[in-house]
Amino acid sequence: MLGLRLAVAEPARPPGGPPTAGEAVRAVEAELADVLDDALARARDTDPVYARDVADRLAAFVRRGGRRMRAAFAWCGWQAAGGTGDPTPVLRTGAALELLQACALVHDDVMDGSALRRGAPALHVEFAELHRATKAARGSGGSGAAFALSAAVLAGDLALAWADDLMTETALGSPHGRRLLREWRAMRGEMVAGQYRDLHAQATGASGMDEAMTVATLKSALYTVERPLALGATLAGAEADATEALRRAGRSAGLAFQLRDDLLGAFGDPALTGKPADDDLRTRKLTCLLAAGVRLAEATGDTEAAAALAVGAPAGTEQDLRRMRAALTRTGARKAVESRIGELAEDALRHFGSTGAHPAVRREFAALVERAAGVSLDHADVTGEDA
């Protein structure tokens, strides 16, 4: 219970800009549609085959959606810092974040060999099918796998280029453009660092919690919540103290999001998540959940669980996966991660509340954290309003 109480009543919504995060996200979708239309027109002017095979597929992938959380968190940062007036810069920043997310997802699916994304075939799987169809129709040669992976890498690069173009245009039109680009550059570097540390952990057989937390922070916490909040705040001209409070809120919320993703990666329903539920277990990807399971198994002398979760142990069959899930549950790792998610979510709301943001904005942030972390929070404690 956070117990933050206000002394005076305030209006239900702050002035200026989209009044709710949901409406802001819909406005970002409209902005994104215009950006994609312009990008596709340029692609067709460049080369029709590239436009048809790569740009069109990438645009369809972006339009297929996702939760648009990064755009919503950027809006919350802007509103928390007192953003008013024309919301176009923060909406365009949200659109750029969604394009960057498309780059990250396309490349992540290549690196992880994931076949499903957003309830449909991953982009490299689409390219493999294109190669098969072309080969059947025209007798083309070469490796279908190599073609698919190479084309998907190019598609991810194109998404990054579109994101950078949009963010550069936004920064050039903002009085806070230099600060905005510093945040953007830092976020891109952290994203790549996190992806590499993920690969490095798998290559070295790492299983420690410190390593898992480093990956979770770089790959998810900073990029998913902390930097988007800071980007929005920067566009509002936020002072350093307010931005720092938002960073702390974003770090906690981002880690809660990643821990929830760890649980879904082991126990989730693909029909609900839109991606496979066992990829992390099959590849023994280092997650905080797996690291907790290994540590607890060793601490309690549970040799069966330790063997099931050990680096190098088989995880190819359904029976292997069941053993891993049972070990994660029996050791208490699943429960411990669930508990930590709740703690991090409350920390996020406490830090966000310290910015002095309007209660309506705090409600919006709380709802986003609930959605990202998969928890239920007491909004009255956060906003200071009666339940």
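Every value quoted in this text rests on a predicted model; they were computed, and no experiment measured them.

Can you break down the overall build of the protein residue by residue, with the values?
Across its full length, the protein holds 17 helices and two strands. Out of the 387 residues belonging to the protein, those deemed buried represent 53%. Contacts in the protein between residues at least 24 apart in sequence constitute 76% of all its contacts with a sequence separation of at least 6. Surface exposure of the protein reaches about 16600 Å², of which carbon and sulfur atoms provide 54%.

Please provide a residue-by-residue account of a nonpolar patch on the surface, values included.
On the surface, Met-111, Tyr-196 and Leu-199 cluster together into a nonpolar patch covering about 280 Å² of accessible area. Along the polypeptide, Tyr-196 turns up in helix α7 (residues 177–204).

So what's going on with the pattern of salt bridges? Which residues, and what values?
Taken as a whole and assessed by the stated rule, the structure comprises 29 salt bridges. Its salt-bridge partner being Glu-183, residue Arg-247 comes within 2.3 Å of it at the nearest N-O pair. With a gap of 64 residues between them, Arg-247 in helix α9 (residues 240–267) and Glu-183 in helix α7 connect regions that are remote in the sequence. As far as the burial class goes, Arg-247 and Glu-183 line up, both buried.

Help me get a handle on unusual backbone geometry, residues and values and all.
If you check the backbone angles, Arg-68 has positive phi at about 55° while not being a glycine. With a phi angle near 50°, Arg-284 is a residue other than glycine that sits in the positive phi range. Mapped onto the elements of the fold, Arg-284 is located in the loop between α11 (279–283) and α12 (288–300).

Go over helix α1 (residues 21–46) with me, naming the residues and quoting the values.
In a regular helix each residue adds 1.5 Å, so 26 residues correspond to 38 Å; α1 covers 37 Å between its end C-alpha atoms and thus fits that length. Buried within α1 are the following residues: Ala-21, Ala-24, Val-25, Val-28, Glu-31, Leu-32, Val-35, Leu-36, Ala-39, Leu-40 and Ala-43. Looking at the packing, one finds that the buried side of α1 touches α2 (48–63), α3 (69–80), α4 (88–112), α6 (144–172) and α16 (359–373).

So what's going on with the packing of aromatic side chains? Which residues, and what values?
Evaluation of the coordinates by the stated rule reveals three aromatic pairs. Residues Phe-127 and Phe-147 carry aromatic rings whose centres are separated by 6.4 Å and whose planes lie at 80° to one another, so their mutual orientation is edge-to-face. Note that Phe-127 is positioned in helix α5 (residues 123–138) and Phe-147 in helix α6, a separation of 20 residues in sequence. Its relative accessible area of 34% is what places Phe-147 among the partly exposed residues. Between Phe-352 and Phe-365, the ring centres sit 4.0 Å apart and the planes meet at 5°, which makes this aromatic pair stacked. In this pair, Phe-352 is assigned in helix α15 (residues 333–353) and Phe-365 in helix α16, connecting sequence segments 13 residues apart. Owing to a relative accessible area of 1%, Phe-352 belongs among the buried residues under this scheme. Overall, the relative accessible area of 1% leaves Phe-365 in the buried class. Counting every residue linked through ring pairs, the aromatic cluster contains Phe-73, Phe-352 and Phe-365. A cation over an aromatic ring shows up here: Arg-118 above the ring of Phe-61, its NZ or CZ 4.8 Å from the ring centre. We note Arg-334 situated over the ring of Phe-267; from NZ or CZ to the ring centre the distance is 3.8 Å.

Go over the packing of α3 against helix α8 (residues 209–235) with me, naming the residues and quoting the values.
What describes two packed helices is the angle between their axes and the distance between those same axes. Viewed as axis vectors pointing N to C, α3 and α8 meet at an angle of 40°, and their least axial separation amounts to 6 Å. With respect to α8, the axis of α3 lies oblique. The crossing of α3 and α8 is right-handed. Side by side, α3 and α8 meet where Met-69, Arg-70, Phe-73, Ala-74, Cys-76, Gly-77 and Trp-78 of the first sit next to Tyr-223, Thr-224, Val-225, Pro-228, Leu-229, Gly-232, Ala-233 and Leu-235 of the second. Looking at the contact of α3 with α8 residue by residue, the class counts come to eleven nonpolar, three polar and one charged.

Describe α2, with residues and values.
The largest bend in α2 comes to about 30°, at Ala-55. When α2 is considered as a whole, its buried residues turn out to be Ala-51, Asp-53, Val-54, Ala-55, Leu-58, Ala-59, Phe-61 and Val-62. For α2, the N-terminal cap is Asp-47; the gap from its side-chain oxygen to the backbone nitrogen of Val-49 is 3.2 Å.

How would you summarise the nonpolar core if you had to cite specific residues and measurements?
Leu-99, Phe-127, Trp-162, Trp-184, Phe-352 and Phe-365 are the most contacted members of the largest nonpolar core, which totals 113 residues. Broken down by element, this core gets its largest block of residues, 13 residues, from α4. In contact with Phe-127, other than residues within four places in its own chain, are Asp-53, Val-54, Arg-57, Phe-147, Ala-148, Ala-151, Ala-152 and Ala-155.

Explain the side chain of His-124 to me, and be specific about the residues and the numbers.
Of note, His-124 is situated in helix α5. For His-124, a relative accessible area of 11% puts it in the buried group. Contacts of His-124, omitting those with residues within four sequence positions, involve Asp-109, Val-110, Gly-113, Ser-114, Ala-148, Leu-149 and Ala-152.

Rules behind the numbers
- Residues numbered from 1 in each chain as written.
- Predicted model: local features only at pLDDT ≥ 70, side-chain atom pairs only at ≥ 80, totals over all residues.
- Heavy atoms only, no water.
- Helix = DSSP H or I, 4+ residues; strand = E, 2+ residues; numbered from the N terminus.
- Buried < 20%, exposed > 50% of the residue type's maximum accessible area, 1.4 Å probe, protein only.
- Contact = heavy atoms within 4.5 Å.
- Areas by Shrake-Rupley, 256 points an atom, 1.4 Å probe, with all protein chains shown as cover.
- Patch = residues over 30% accessible without salt bridge, like charges linked within 9 Å, V, L, I, M, F, W, Y side chains within 5 Å.
- Salt bridge = Lys/Arg side-chain N within 4 Å of Asp/Glu carboxyl O.
- Expected span 1.5 Å × (residues − 1).
- Phe/Tyr/Trp six-rings, centres within 6.5 Å; stacked < 30°, edge-to-face > 60°.
- Lys NZ or Arg CZ within 6 Å of the ring centre and 35° of its normal.
- Axes fitted to C-alpha atoms, helices over the stretch in contact; angles between N-to-C directions.
- Parallel < 35°, antiparallel > 145°, perpendicular 65-115°, else oblique.
- Left-handed = near helix turned anticlockwise from the far one by under 90°.
- Nonpolar A, V, L, I, M, F, W, Y, C, P; charged D, E, K, R; others polar.
- Bend = angle between axes of the 7 residues up to and from the residue.
- Polar contact = N/O pair within 3.5 Å; in protein donor to acceptor, adjacent residues only side chain to side chain.
- Core = buried A, V, L, I, M, F, W, Y, C linked by side-chain atoms within 4.5 Å.

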